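One letter stands for each residue in the lines below.
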Amino acid sequence: MALKIVKGSIDRMFDKNLQDLVRGIRNHKEDEAKYISTCIDEIKQELKQDNIAVKANAVCKLTYLQMLGYDVSWAAFNIVEVMSSSKFTYKRIGYLAASQCFHENTDVIMLTTNQIRKDLSSPNQYDTGVALTGLSCFVTPDLARDLANDIMTLMSHTKPYIRKKAVLIMYKVFLKYPESLRPAFPRLKEKLEDPDPGVQSAAVNVICELARRNPKNYLSLAPLFFKLMTSSTNNWVLIKIIKLFGALTPLEPRLGKKLIEPLTNLIHSTSAMSLLYECVNTVIAVLISLSSGMPNHSASIQLCVQKLRILIEDSDQNLKYLGLLAMSKILKTHPKSVQSHKDLILQCLDDKDESIRLRALDLLYGMVSKKNLMEIVKKLMIHVDKAEGTTYRDELLTKIIDICSQSNYQYITNFEWYISILVELTRLEGTRHGHLIASQMLDVAIRVKAIRVFAVAQMATLLDNAHLLTGNMQRNGICEVLYAAAWICGEFSEHLENPVQTLEAMLRPKVATLPGHIQAVYVQNAAKLFATILKNQEGNTDSTAAQETSQMMIDRLPLFVQSANLEVQERASCILQLVKYIQKLQQKDVEVAEEVSALFAGELNPVAPKAQKKVPVPEGLDLDAWINEPPSESESEDEQPKAIFTKEEPKHSRPRHTEVDEKELARRREARKQEQANNPFYIKASPSSQKVYQEAPGVEHIPVVQIDLSVPLKVPGLPMSDQYVKLEEERRQKERAEKKKKEKKKRKEKRSGRGKKHDSGPESEEDITPAHVVDIVTEEMPENALPSDDDDKDPNDPHKALDIDLDKPLADSEKLPVRSHRAAGAPKSPAEDGEAENATPQEPKKKSSKEKRDKKKDKERDRKRSKEEKKKKKHKREEKEEDLLGGQAEEAAVQSEETKEVEAQPSSTSAEVSDLDFWLSNAPVPSNTQEAATVAAAEADPAPEAPAGTAADSEPEEPKDTETEESKSSKHKKKKQKKEKEEKEKKKKKKHHHHHHHSDGGGEESVQNGTVEEEEPLPPMSNYCLLAENSYIKMVCDIQGNLQDGSQVVVSVIFENKSDSFLKSMEFNVLDSLNSKLQRPEGSGPHDGLTVPFQLPPGVSNEARFVFTVQSIVMPQKLKGTLTFIVKNEDSSTHEKLDFKLHFTCTSYLITTPCYSDAFAKLLESGDLKSSSVRLEGVNMPFHHLLARICFHHHFSVVERINSCASMYSRSIQGHHVCLLVKTSAQTVSIDAKCDEPTLLGNVLDEIKQTFSQC
Amino acid sequence: MIKAILIFNNHGKPRLSKFYEHYNEDTEQQIIRETFHLVSKRDENVCNFLEGGMLIGGSDYKLIYRHYATLYFVFCVDSSESELGILDLIQVFVETLDKCFENVCELDLIFHVDKVHNILAEMVMGGMVLETNMNEIITQVDAQNKMEKSEVIL
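Please read these numbers as outputs of a predicted model, since none were measured by experiment.

Participant: Describe the overall build of chain B, with residues and values.
Facilitator: In terms of helices and strands, chain B carries five helices and seven strands. Going from the N terminus to the C terminus, chain B shows its helices and strands as β-β-α-β-β-β-α-α-α-β-β-α. Looking at chain B alone, contacts between residues at least 24 apart form 51% of all its contacts between residues at least 6 apart. Just so you have it, chain B exposes about 6300 Å², and 51% of that area is on carbon and sulfur atoms.

Participant: I'd like to hear about the environment of G127 of chain B, residue by residue, with values.
Facilitator: Residue and element names in this part refer to chain B. Following the sequence through the fold, G127 ends up in the loop between strand 6 (124–125) and strand 7 (128–129). The spatial distance from the C-alpha of G127 to the C-alpha of A4 is 7.4 Å, given a sequence separation of 123 residues. Those residues in contact with G127 that lie beyond four places of it in its chain are M1, I2 and Y20.

Participant: Explain the sheet that holds strand 11 (residues 1133–1144) of chain A residue by residue, including any values.
Facilitator: Residue and element names in this part refer to chain A. Here four strands make up an open sheet; going across it, the order is 8-6-10-11 and the pairing antiparallel. Bordering the open sheet on either side are strand 8 (1090–1091) and strand 11, each of which pairs with just one other strand. Relative to strand 11, strand 10 (residues 1117–1128) is paired through 12 bridges, and the arrangement is antiparallel. Bridge pairing in strand 11 links L1119 to L1142.

Participant: Run through a negative patch on the surface, naming residues and quoting values.
Facilitator: Residue and element names in this part refer to chain A. On the surface, D589, E591, E594 and E595 cluster together into a negatively charged patch. Among the secondary structure elements, E591 is positioned in the loop between helix 33 (566–587) and helix 34 (593–598). Exposure remark for E591: the relative accessible area of 59% places this residue in the exposed category.

Participant: Outline the interface of chain A and chain B, supporting the account with residue identities and numerical values.
Facilitator: In this assembly, 61 residues from chain A lie in contact with 58 residues from chain B. Counting each side, the surface lost to burial between chain A and chain B is near 5500 Å², with a carbon and sulfur contribution of 55%. Sorting the residues of chain A by area buried against chain B places M67, R92 and W236 of chain A first, and these three jointly supply 14% of that buried surface. Linking chain A to chain B there are nine salt bridges. In this structure, K165 of chain A engages E122 of chain B in a salt bridge whose closest nitrogen and oxygen atoms are separated by 3.7 Å. Run the count over chain A and chain B and you get 32 residue pairs in polar contact (both at pLDDT 80 or more). Taken together, the residues of the side of chain A that touches chain B sort by class into 28 nonpolar, 15 polar and 18 charged.

Participant: Tell me what's going on with empty space enclosed by the protein, and back it up with residues and numbers.
Facilitator: In total, this model carries 15 cavities of 30 Å³ or more according to the counting rule given. The set of elements that each furnish at least two residues to the lining of the largest cavity consists of helix 6 (88–101) and helix 8 (125–138) of chain A together with helix 4 (113–123) and strand 6 of chain B. Taken together, the residues of the lining of the largest cavity sort by class into nine nonpolar, seven polar and four charged.

Participant: Could you give an account of unusual backbone geometry, with specific residues and numbers?
Facilitator: The backbone of S1065 of chain A sits at a positive phi, close to 50°, despite the residue not being glycine. By the element assignment, S1065 of chain A lies in strand 6 (residues 1062–1070). The exposure class assigned to S1065 of chain A is partly exposed, which follows from its relative accessible area of 41%. For N103 of chain B, which is not glycine, the phi dihedral falls at a positive 60°. Inspection of the secondary structure puts N103 of chain B in the loop between helix 2 (83–101) and helix 3 (106–111).

Participant: Could you give an account of the environment of A811 of chain A, naming the residues involved and the relevant values?
Facilitator: Locating A811 of chain A in the fold gives a position in the loop between helix 41 (756–760) and helix 42 (832–839). Each C-alpha atom of the pair A811 of chain A and R182 of chain A lies 9.6 Å from the other, and the pair is 629 residues apart in sequence.

Conventions used here
- Residues numbered from 1 in each chain as written.
- Chains lettered and ligands numbered in written order.
- Predicted model: local features only at pLDDT ≥ 70, side-chain atom pairs only at ≥ 80, totals over all residues.
- Heavy atoms only, no water.
- Helix = DSSP H or I, 4+ residues; strand = E, 2+ residues; numbered from the N terminus.
- Contact = heavy atoms within 4.5 Å.
- Areas by Shrake-Rupley, 256 points an atom, 1.4 Å probe, with all protein chains shown as cover.
- Pairing = 2+ DSSP bridges.
- Patch = residues over 30% accessible without salt bridge, like charges linked within 9 Å, V, L, I, M, F, W, Y side chains within 5 Å.
- Salt bridge = Lys/Arg side-chain N within 4 Å of Asp/Glu carboxyl O.
- Lys, Arg positive; Asp, Glu negative; His and termini not counted.
- Charge placed at Lys NZ, Arg CZ, Asp CG, Glu CD.
- Buried < 20%, exposed > 50% of the residue type's maximum accessible area, 1.4 Å probe, protein only.
- Buried area = accessible area lost by both parts, 1.4 Å probe.
- Polar contact = N/O pair within 3.5 Å; in protein donor to acceptor, adjacent residues only side chain to side chain.
- Nonpolar A, V, L, I, M, F, W, Y, C, P; charged D, E, K, R; others polar.
- 1 Å grid on protein atoms, 1.4 Å probe; cavity = no way out; pocket = protein on both sides within 12 Å on 5 of 7 lines; lining within 4 Å.
- Points joined across faces, edges and corners; volume = space filled by probe spheres on them.

This is the structure in structure tokens:
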């Protein structure tokens, strides 16, 4: 064996290492591939050896080859071997290789789970770090599920290096295993306030990433982020938070109002451009969200626009780019403020940098008005001609169409101009956007009736010159416009000047080379044209013309009948037969025109793009139901219907560079002139074309000539858009003149000089009337269209799975899987558990209220059923045995049914956001991290501060929400309680109506709005009890069971510095007992203390939490502990210590768990609970106070209360159920209790007794 | 999120590629080629942002790059990253390399791509920015190198 190792290391000396490999590759430039393949063979040999060093070296080389594009997945197993080496050097090589080439389908990943787990818990922080880094690249759903719990533990690691990595990787875990989000979220939230800035930054990073996709679930974190924003100095963190706020404000305009001021301050104060830019961005987002609600924030807008102008004018191209980018966001809501910078933006259009030009183009969209549209488009057309690359040119093309067609062609005053622009655009070679131009042509021709005559004429010319467009056939996306041209000519053929000529053009043999779907349109529209021609010719006495047309059809159509395209073939043969039949009739002198044109009668109206989707599903139609037996899998390879505008495969056209000499050019020019002169349409359609030429006296011919040089595709006979610009200007001038005249007349009539101001001012938008009476036909929508528009989300988005309500309390089933063989967690709760979970108002917010209602109905139905069953059962049971508690609870449950059913619709959302509401409405800006507890209290619970207002008719017997100083992780628990409370409130209100007439006999005087106060408000309560105190420091603590883990309790300790000195290096230590142990980080001994993660300046208090592991929870426990700390004055520092005794009561193992009465009844029925009871004498307090105290101090919840009798429920962290029935009569309180663990019950009852003996 | 980090030289030879989303080797090479094609034809004094790489693109993504002597450093990021922030990060990355290699040049990257990976791993993890403080990054990298050395001696 030893020999082998020696041999291995000797071999190794002769192996190539990475550097040798790289050098070798560089030396074999000619036969690189061959050299590498020999290297790979060597590597394969090396991998076969036992020596791990050799293997690692080989894997290292493979990683390099992977970068060069070689597939190395065959070595996956060897990579795993190297990963599991005990040496860090090799481990790192292995993990790097894995992170470069492993992915979800790598099957050996399954083998790594245990190795990774081992590395994660390695005492060496860099082993852990390397494993986390690697895992972040190749985590799979399986790995995420299996390791989630381990990583979560690492989030509380002592080393910040590990903590920050663990926090960051959680995002990947969430993506792969969404179920882990809710259990891990409280801890993630904690990390937002981690003392280490790196960890904090990581947590911010992860939450921002989560919130970006599903912002509404993170609104409740806004106060916390706000605090971070005002306190953090790390620009990275600030940028992330500010970006996050940008995502949150659209959901909550009030948040925006709160943000404006601090953001504006930052804008003024910061020197970091990156931060300034993000601030401006978020202020813009805020302004957008406010734009409807708040009348003006013009100062803020001005500030933003100003700052952006500075950016755009900056010589740094990066700032210029970003300035334009942000400007486009303002444009959407405040176009006016951007429009004033038109000059600057138009200037950017000429920038040499394409990125900047593209941004400027985006902005143009909002710059146009009726007045300047033509001018801007003209400028863009010049750019189109100049543009060298097709991408930028295509971008220009789409922008031109975008700005012209925006908001229903709002800015177009002259559609002739627009059509000619579109026609000009068809000269673009190799564009991918032929279909875009085509659809615009169709849209305009269909929707603007007045333009049809003109459009048809243009399209006819296009068809006539189709050979120019389709020069290099098929590769050219532009031939799509022929689709539109053919259709328009066919559909509106009544406007055609010379239909026979067009028909002839449509049936040329060359058409057969067009794409199939275009040919199909040609054939169909030829038929339409044919019908029109027949109709025109029918009146003539000479029938030969009509017969000639038929003959032409018959001659030409067979070409299409042979088409390989089914659609073309089918249409052609149908029409051919039809024409043949018509010809027969014609020969018999039968008048057919009427009947033929009837084939194409009727107007086609435009249909709104989403109309189809919005047709409401008729009642009783289930679209998901199978009509027939579902077909087998193989059949489902469906033929997808081909869209009419099929996307052409991106075919790159060969640039057409035809060298033309001067002579040839001159000849062509001459020919064109001739052609134009001969074209009657040309002159007719543009009577002022002469004028255009005159205005450019130096040039012999129209301005098109220059363009022709580069693009030899001038379609002769087509008018240029420029003419229309001139025409339009003239028209406008005329109009203005006329108006002036009128005004003058008016003035004369009125004899007042006031009119002067009008005509001297610039032409305003409204003054420009469109050239035609533009009748834009609106798009049709089906009747009863549903207004929903939110169907654009991609169903495959992995983030959809992370749309999880985080405020909902954790259920048992949601715990992260833990690998250990511990006696399976909490014993599964009885059957009601599931039901209770359903019944609690926990449905995620996203469900529509309608769904909720439906569900409620179902539940009510269920409940009714169960009620009836229960009644039956009850009778039976009463005969059998007398079970006081069970019976009573049952009765309570049954009685409550009526009320519950009436009020079963809680307003679940309001309670959820109430924290946030409060913060948004009046909470002061928390400026410091100190007093976190009190702030939290204020945030969480407005009730005690406004007892008269809110408690007036709320149920004050539910004071759980006063247990506010509770640790933050249990915040959601509170919310649930609040929800419950709200339900109760409603109930209570009902009760008020029934009872308040006779309940005010007690003489309480507080009358509110006509309602009589029934029960006095509760005194504030706190569960924090004094732990220890000396002259320096005071410790108060609260003990709570851990929702997550059945064997953990969390002790929250608030340390308050009472002295004038600085307290630091606090260490918290506890002497463990057999049953209870303080959880210490891995690697520390059983007697080591825990460092408190903060220092305390004088007068400041802060809270730390410590986790204890407990085994048995049936008995109370006491643990001795010590806090050591250093008191630091200006001149001296002393060591001090403070002893304390931690008291784990049985109560602290209980967790407030709501329970529904029917579930509660079933539980009692089940019969495996032991009962016990206790009597309290001389309790002199209202019943609701009594209940509140039990709820608050002992973590119970009220299941049902009827007069002076109430049932209550709680659950231990290990899943024991504790049920109470509390009755009172004249200062005596009797509590009957049931629990599956008698010792625990006894202790809890003792503790309750003690609580009441103290007061 | 950062989708990919690429370093290549003026001729488009990859010096480091780190994809935070899986692609097969061919696609990776294609992306590198295309990115090089996009980036290399840009002038020196234009902005450092670029939209519309076809492969890695999608409208939410941007290429943010810097050009140092013979090398291009390209980050492909989505809209949750701050553009200027990433530019700073590239600067930090290069400065860190400079510190670790002592006057870094292309040859260092050619022969020690594994070390570059290790440095990058301390800055960016799984596509998210882990650390931006250069000193912290160098401390961690040095500590790990020290460990490696001690293992060699053993």
